Amino acid sequence: MPKTETYTLNMGPQHPSTHGVLQVVLELDGERVVQAIPQMGYLHRGIEKLAESRTYAQFLPYTDRLDYVSSMGNNLGYCQTIEKLMDISVPERAEYLRIIMTELNRIASHLIFMSSVAIDLGATTGMMFGFRDRERILDLFDMACGARLTYSYIRIGGVKEDIPGEFIEATRQFLADFPAMLTEHHTLLTGNEILYHRLKNSGVISGQRALEIGLTGPTLRASGIDYDIRKVEPYGFYDRFSFTVPLGTTGDNWDRYMVRMEEMQQSAAIVAQALDQLPDGPVMAKIPKVLKPPAGDVYHRIENPRGELGYYVVSDGSTKPYRIHVRRPSFINLQALNEICQGTLIADVVAVLATLDPLMGEVDC
């Protein structure tokens, strides 16, 4: 048998398919991947350390810069952590508004995912359609808080302010239009033979192995594991809503794509129920102007679009956190890259990266 030598190829950090500034060091045997080692740190900003020199309220805008495609969820996880530490009760209307915003943001994030998969595999039109429909959601956020990317809308104790009168009608109109948008995406992408064969039966990871690595979110559920924090450990009022958790069977690129596509439909259903149940009342709890949580520590987690987002906060009783650590799902999920890519072709690495859906601001923190 002829012997072959492996060689090294750097994919990124400038490569457009590495979703920001990620370098993947590929060890190749021909075009077959032997190792795919992610090299991170190109976007590291020291956000966790910055928290120690900011008050609890001042740190909130920094959470927007983590997973900057789903900033509402970042705000929610942090605020609920501090509320748990200080035993703050949030008004009902604020809780409903939080769920509406985070589920709309989940749809917007998954539209970015769909767009990324499309453009990474060469389907430019799919990317444009995804961004086109996401604009409708950004219009709603602009209406609610005056921002389209870094919102800082959810606050410790509630939300920044009540929604304007036209927000509800505009959201209902979006929900009415959304099924046709999804149908268009499925027609263009899901039913595309080339996309199907690029994703199906490649980048496989079993449910057992996904659990061992610590994967969460759609990446874990695509491997058949029924685990969604909104169901197993409901926060806010998620136990008041009826929705299903989409699951995959194979744990391949295709399942990771389909789970997110189906999740958008479920999120739309949650938003519709929340609008129907939305009560009147205040949107902010009565809390001190200067927050000084009691000394102690707390961990709280939520189901963000990329998986389990957790905040561990240590308080020394002062106005600033002694320590904050963020459990970032993109960082954890990226651990699977090397194992999933082994034995695949170079082109499959692009598909695996796209369906793992890492967000580099969250990976590097």
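Residues numbered from 1 in each chain as written. Predicted model: local features only at pLDDT ≥ 70, side-chain atom pairs only at ≥ 80, totals over all residues. Heavy atoms only, no water.

A. Layout of the overall build of the protein. Helix and strand counts for the protein come out as 15 helices and eight strands. The C-alpha radius of gyration of the protein comes to 21 Å, within 12% of the 21 Å expected for a compact globule of 365 residues. By its C-alpha atoms, the protein is 75 × 45 × 35 Å across when sized along the principal axes. Classification of the 365 residues of the protein by burial places 57% in the buried group. On the protein, roughly 14,600 Å² of surface is accessible, and the fraction owed to carbon and sulfur atoms is 53%. Of the charged side chains in the protein, 35 are positive and 45 negative; the average position of the first set lies 5 Å away from that of the second. (Helix = DSSP H or I, 4+ residues; strand = E, 2+ residues; numbered from the N terminus. Rg over C-alpha atoms; globule rule 2.2 N^0.38 Å. Buried < 20%, exposed > 50% of the residue type's maximum accessible area, 1.4 Å probe, protein only. Areas by Shrake-Rupley, 256 points an atom, 1.4 Å probe, with all protein chains shown as cover. Lys, Arg positive; Asp, Glu negative; His and termini not counted. Charge placed at Lys NZ, Arg CZ, Asp CG, Glu CD.)

B. Highlighting the packing of helix α6 (residues 165-190) against helix α11 (residues 253-277). Contact geometry for α6 and α11: axes closest at 10 Å, N-to-C directions at 165 degrees. Taken together, the axis directions place α6 and α11 in an arrangement best described as roughly antiparallel. The two elements α6 and α11 meet at a crossing, and its hand is left-handed. Where α6 abuts α11, its residues Ile168, Thr171, Arg172, Leu175, Phe178, Leu182, His185, His186, Leu189 and Thr190 lie against Trp254, Tyr257, Met258, Met261, Met264, Gln265, Ala268, Val271, Ala272, Leu275 and Asp276. Grouping the constituent residues of the contact of α6 with α11 by class yields 14 nonpolar, five polar and two charged. (Axes fitted to C-alpha atoms, helices over the stretch in contact; angles between N-to-C directions. Parallel < 35°, antiparallel > 145°, perpendicular 65-115°, else oblique. Left-handed = near helix turned anticlockwise from the far one by under 90°. Contact = heavy atoms within 4.5 Å. Nonpolar A, V, L, I, M, F, W, Y, C, P; charged D, E, K, R; others polar.)

C. The arrangement of the nonpolar core in detail. Tyr78, Leu104, Tyr153, Phe241 and Tyr257 are the most contacted members of the largest nonpolar core, which has 83 residues in total. It is helix α4 (residues 92-120) that provides the largest number of residues to this core, a total of 14 residues. Contact partners of Tyr78, with chain neighbours within four places excluded, come to Tyr56, Phe59, Leu60, Thr63, Ile156, Tyr311 and Ile324. (Core = buried A, V, L, I, M, F, W, Y, C linked by side-chain atoms within 4.5 Å.)

D. Geometry of the pairing of strand β2 (residues 23-29). Where strand β1 (residues 7-11) meets β2, five bridges bridge the pair, whose relative direction is antiparallel. Bridge pairing links Met11 to Val24 in β2. In the sheet, β2 pairs with strand β3 (residues 32-39) via seven bridges, with the strands oriented antiparallel. Opposite Leu28, over in β3, you have Val33 as the bridge partner. (Pairing = 2+ DSSP bridges.)

E. Just the environment of Ile229, in detail. Its place among the elements puts Ile229 in helix α10 (residues 229-232). When the C-alpha atoms of Ile229 and Asn304 are compared, they prove to be 9.1 Å apart, with 75 residues separating the residues in sequence. With sequence-adjacent residues up to four places away left out, Ile229 is seen in contact with Pro234, Tyr235, Arg301, Ile302, Glu303 and Glu308.

F. View of the pattern of salt bridges. Following the criterion strictly, the structure yields 29 salt bridges and no others. Between Glu339 and Arg209 there is a salt bridge, with the nearest N and O atoms lying 2.8 Å from each other. Pair noted here: Glu339 is in helix α13 (residues 337-341) and Arg209 is in helix α8 (residues 207-213), with a separation of 130 residues, a long-range link. Here Arg209 falls in the partly exposed class, since its relative accessible area comes to 30%. (Salt bridge = Lys/Arg side-chain N within 4 Å of Asp/Glu carboxyl O.)

G. Up close: the sheet that holds β2. Pairing in this open sheet of three strands is antiparallel, and the strands run β1-β2-β3 from one edge to the other. At either end of the open sheet lies a strand with only one pairing partner, and these are β1 and β3. When the angles between neighbouring strand axes are averaged without regard to direction, this sheet yields 25 degrees. Lying over the sheet, helix α14 (residues 346-356) contacts β1, β2 and β3, oriented at roughly 35 degrees with respect to β1.

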